[in-house]
Amino acid sequence: MTDSSKSNPSIRNVAIIAHVDHGKTTLVDAMFRLCGLFREGQNVNERLMDNLDLERERGITIAAKNCSVHWRDVKINIIDTPGHADFGGEVERALSMADGALLLVDASEGPLPQTRFVLEKALAAGLPIIVVINKIDRKDARPEQVLDQIYDLFIDLDASDAQLDFPYIYAIGRDGIAQTHPNEPGSNLDPLLDMILQKIPPPVYQPELPLQMLVSDLGWSDYLGRLAVGKVANGRARIKDALVCIGVDGEQRPLKVACLQTYEGPALKEVEAADPGEIVVLAGIDEVRIGDTICTRGTGKALKRIRVDEPTVAMRFTINTSPFAGREGRFTQSRHLRERLFKETLRNVAIQVEETDQREEFLVKGRGEFQLAIMIETMRREGFELAVGRPEVLFKWRGAAKMEPMERLFVDCDERFMGVVTEKLSSRKALMTNLINHGSGRVRIEFSIPSRGLIGYRDEFLTDTKGTGLLNSYFAGYDDYRGEFPSRFTGSIVSDRQGTAVAYALFNLEPRGQLFTRPGEPVYEGLIFGEHNRPSDLNANPCKEKKLTNMRASGHDENVVLTPVKPMTLEWAVHFIREDEMVEVTPQSIRLRKSILTAQQRYRARSEKAAG
């Protein structure tokens, strides 16, 4: 804070950062209840901030969102950030609006890799941190040891002396309780909210400067059009003001504030003006991107743009070209796909879209395959039909040396599974860097592994550990290329014709591998309806019926019993496919297919590739 700067003591802007499932959204619900946002007896959904269908289904925060509570005449703007490294773009733009952060850590699990990722961003931004050790009511809670681990993490992340001297508090977020000591039971969240007012600094601004606001998020309203969300850095925002928007090219586009809103609880409230430090929502401009600066016309100066880490994974998106195209979706043409993908880049700074040599194919780059899978699932629910290829990591070159993205991988599993996990990861070029065994029956192993080594491994890991293992990772920069390794040791069972799958044919194909298709489901030539036991592909007929003769009754032997088919998920399908395969995604179906559908053309393509 300089001599000429002032602060706005009536506002606090706080980001909440945590690993997935450490109780972040539940704690925000408790704050809402304490601050009287809900009337007595009102029926309120749990995890109010997880308002997207995908967030509620998966129990994770995907998009950063804002809300506010009032405590002791101070407005606390709460910024909910994702806990997964793949949504790092959301984290970085959310932190651009914050003046401090709450770090939420599970009292049993301690700080996990995604905690490290988000905390590193907060420390790099210079934000003061309040540590909340949550779920201290768990039977296996160990708050003192977890606090020591948090200190170690801060030191490891090169926290400053001021950041290292962080205040901490204990909580049971589900019950709305915070306490200063683990053995002294609390009754409400008063100590936590008081600590926010004392330890998180109010927003600072320069009183002599005109309005400046960095656009940190975008929204849309059917009544108001495009919405720009951000913190007022300097000056005062007023409705009907004549302003300009400064884009990445430095060009100033004029705008007039048609509507000015601030957060009141989880909802928005219209206001006439907003003070410095307030998080506002502006309407009145169509051409705006995340990172632009909105400021006073004639005297405007752009603020530093939001920068995010480079993408590490790419996937090819194209229209659905299968014989079943157009049966289940509303948006099937390449122009629809193109518009939707480039619209995503406006809302998500971590996504990049490039056009390719083929007019109907696009290269989409992101922070991880999970982020891209969530994007595909969202498009599918919007009515899109599309096909996507296997995730590919993005390599770099340092002179003549090939570099690839690396992950720091943390495995927590039973001691008896350590051998199979280590063996599988070693085949994927992973190097063990640490092994911790406390004699409790479980071990924690750390690996350095290429990002491509994790593609397709997570489902295999759950199978190997009987569903009891925990797998977490975060991006650890680029390193030397570690060589080739097989991504899949099995081939595909591919349909050689179009028709309807028959139980008799599937029953006789079961010894060849695991099947994905049920009797009565439609198939087409090039559709993958099973995993072959051998590395090679197998072209087969899933529509073959039993030939009937007058020596056998027509109903005889029809009641064959097939092995149950595991429901196909989008993440599993994306991990399963090889380089010459694709996932067909529609609002109702997920199918695996060959990129080239006919067997004759696939054979010709292989011959041409072998000939060079």
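As the structure is a computational prediction, the values presented were derived from the model and not from experiment.

Peer 1: Account for the overall build of the protein chain, with residues named and values stated.
Peer 2: Looking only at helices and strands, the protein chain has 15 helices and 37 strands in total. When the 612 residues of the protein chain are sorted by exposure, 53% land in the buried category. If you take every contact in the protein chain between residues at least 6 apart in sequence, the share linking residues at least 24 apart comes to 71%. Of the roughly 28700 Å² of accessible surface on the protein chain, a fraction of 48% belongs to carbon and sulfur atoms.

Peer 1: Got a sec to walk through helix H15 (residues 599–610)? Specific residues and values, please.
Peer 2: For H15, with twelve residues, the first-to-last C-alpha span of 17 Å sits near the 16 Å given by 1.5 Å per residue. Counting buried positions along H15 yields one of twelve residues, so the element is predominantly exposed.

Peer 1: Describe helix H8 (residues 334–347), and please don't skip the residues or the numbers.
Peer 2: Turn by turn, an α-helix covers 3.6 residues, leaving residues three or four places apart pointing in a common direction. Here H8 spans 20 Å end to end across 14 residues, near enough to the 20 Å set by a 1.5 Å rise per residue. Within the sequence span of H8, burial applies to Ser 334, His 336, Leu 337, Arg 340, Leu 341, Glu 344, Thr 345 and Leu 346.

Peer 1: Any chance you could break down the sheet that holds strand S14 (residues 252–256) for me, citing the residues and the numbers?
Peer 2: Read from one edge to the other, the open sheet built from eight strands follows the order S14-S13-S19-S10-S11-S18-S15-S16, with strand pairing classed as antiparallel. Bordering the open sheet on either side are S14 and strand S16 (267–270), each of which pairs with just one other strand. Neighbour-to-neighbour, the strand axes of this sheet turn through a mean angle of 40 degrees, independent of strand direction. Alignment of strand S11 (residues 225–234) against strand S18 (residues 279–283), held across five bridges, turns out to be antiparallel. The residue of S18 that forms the bridge with Lys 231 is Ile 279.

Peer 1: I'd like a description of the packing of aromatic side chains, backed by residues and values.
Peer 2: Scanning all chains against the criterion turns up twelve aromatic pairs. Between Phe 475 and Tyr 478, the ring centres sit 5.9 Å apart and the planes meet at 80 degrees, which makes this aromatic pair edge-to-face. Its relative accessible area of 29% is what places Phe 475 among the partly exposed residues. When the ring centre of Tyr 481 is taken as reference, the NZ or CZ atom of Lys 402 above it lies at 4.3 Å.

Peer 1: So what about the pattern of salt bridges? Which residues, and what values?
Peer 2: Scanning the model with the defined rule gives 35 salt bridges in all. The partner of Asp 106 in a salt bridge is Lys 135, and the shortest N-O contact between them spans 3.7 Å. One end of the pair, Asp 106, is in strand S5 (residues 100–106); the other, Lys 135, is in the loop between strand S6 (129–134) and helix H5 (143–156), with 29 residues separating them in the sequence. Given the relative accessible area of 1%, Asp 106 is considered buried. A salt bridge links Arg 174 to Asp 175; the nearest nitrogen and oxygen atoms lie 3.4 Å apart. Take Arg 174: its relative accessible area is 56%, and that puts it in the exposed class. A single network of salt bridges, built from pairs that share partners, joins Asp 412, Asp 414, Arg 416, Arg 442 and Arg 444.

Peer 1: Break down the nonpolar core for me, with residues and values.
Peer 2: Nonpolar side chains tend toward joint burial in soluble globular proteins. By size, the foremost hydrophobic cluster in this structure holds 42 residues, and its most contacted members are Leu 103, Leu 119, Ile 129, Ile 133, Ile 150 and Phe 154. With residues near it in sequence (within four places) discarded, Ile 129 still touches Ala 101, Leu 103, Leu 119, Ala 122, Leu 123, Phe 154, Phe 166 and Pro 167. By size, the runner-up hydrophobic cluster in this structure holds 30 residues, among which are Val 364, Met 379, Leu 570 and Ala 573.

Peer 1: Pulling in residues and values, what's your account of unusual backbone geometry?
Peer 2: Non-glycine residue Asp 158 carries a positive phi angle of around 60 degrees. When you line up the elements, Asp 158 lands in the loop between H5 and helix H6 (161–164). The exposure class of Asp 158 is exposed, given its relative accessible area of 68%. Unusually for a residue other than glycine, Lys 466 sits at a positive phi of about 55 degrees. By the element assignment, Lys 466 lies in the loop between helix H12 (457–464) and strand S29 (470–480).

Peer 1: Describe the packing of H8 against helix H9 (residues 369–381), with residues and values.
Peer 2: One way to put it is that H8 packs onto H9 with a least axis distance of 12 Å and a crossing angle of 130 degrees. With respect to H9, the element H8 is oriented oblique. Between H8 and H9 lies a crossing whose hand is right-handed. Where H8 abuts H9, its residues Leu 337, Arg 340, Leu 341 and Glu 344 lie against Met 375, Thr 378 and Met 379. Across the contact of H8 with H9, the residue classes tally to four nonpolar, one polar and two charged.

Peer 1: Give me the lowdown on the pairing of strand S37 (residues 590–594), citing residues and values where you can.
Peer 2: By the criterion of burial, S37 is predominantly enclosed, with five of the five residues buried. Judged by which residues are buried, S37 turns out to be covered on both faces: Ile 590, Leu 592 and Lys 594 on one side and Arg 591 and Arg 593 on the other are all buried. Where strand S34 (residues 527–532) meets S37, two bridges bridge the pair, whose relative direction is antiparallel. By the bridge assignment, Ile 528 is partnered in S37 with Leu 592. Of the pairings in the sheet, the one linking strand S36 (residues 581–585) to S37 comprises five bridges and is antiparallel in character. When the bridges of S37 are listed, Met 582 appears paired with Arg 593. Hairpin connection between S36 and S37: a loop of four residues separates the two successive antiparallel strands.

The rules behind the values
Each residue is numbered by its place in its chain's sequence as written, counting from 1. Note on the predicted model: pLDDT of at least 70 is required for a residue's local features to be given, and 80 or more for side-chain atom pairs to be given and counted; whole-chain, interface and lining totals, by contrast, use all residues. Heavy atoms throughout the structure, all of them, feed into the side-chain values; hydrogens and water do not. Numbering of helices and strands runs from the N terminus, with a helix taken as a DSSP run of H or I at least four residues long and a strand as a DSSP run of E at least two residues long. We call a residue buried when its accessible area falls under 20% of the maximum for its residue type, exposed when it is over 50%, and partly exposed in between, using a 1.4 Å probe and counting protein chains only. Contact definition: two residues touch when any of their heavy atoms are within 4.5 Å. Accessible areas in this description were obtained via Shrake-Rupley with a 1.4 Å probe; residue shielding takes into account the shown protein chains only. For a helix, the expected span equals 1.5 Å multiplied by the residue count minus one. The rule for pairing is simple: two strands pair if DSSP sees at least two bridges between them. Fitted lines through C-alpha atoms serve as axes, helices being fitted only where they are in contact, and the angles separating the N-to-C directions of these axes extend from 0 to 180 degrees. In this analysis, rings of Phe, Tyr and Trp, with Trp reduced to its six-membered ring, are considered paired at centre separations within 6.5 Å, and the interplanar angle assigns stacked below 30 degrees, edge-to-face beyond 60, and tilted for intermediate values. Ring-over charges, as used throughout, are those where CZ of Arg or NZ of Lys falls within 6 Å of the ring centre and within 35 degrees of the ring normal. The working definition used for a salt bridge is a side-chain nitrogen of Lys or Arg within 4 Å of a carboxyl oxygen of Asp or Glu. The nonpolar core is taken to be a set of buried Ala, Val, Leu, Ile, Met, Phe, Trp, Tyr and Cys residues, with the residues joined through side-chain atoms within 4.5 Å. Geometric relationships in this document are graded by angle, where less than 35 degrees denotes roughly parallel, more than 145 denotes roughly antiparallel, 65 to 115 denotes roughly perpendicular, and other angles denote oblique. Crossing handedness: left-handed means the near helix sits turned counterclockwise from the far one by under a right angle, and right-handed means the same turn made clockwise. Under the scheme applied here, ten amino acids are nonpolar (Ala, Val, Leu, Ile, Met, Phe, Trp, Tyr, Cys and Pro), four are charged (Asp, Glu, Lys and Arg), and all others, including Gly, are polar.

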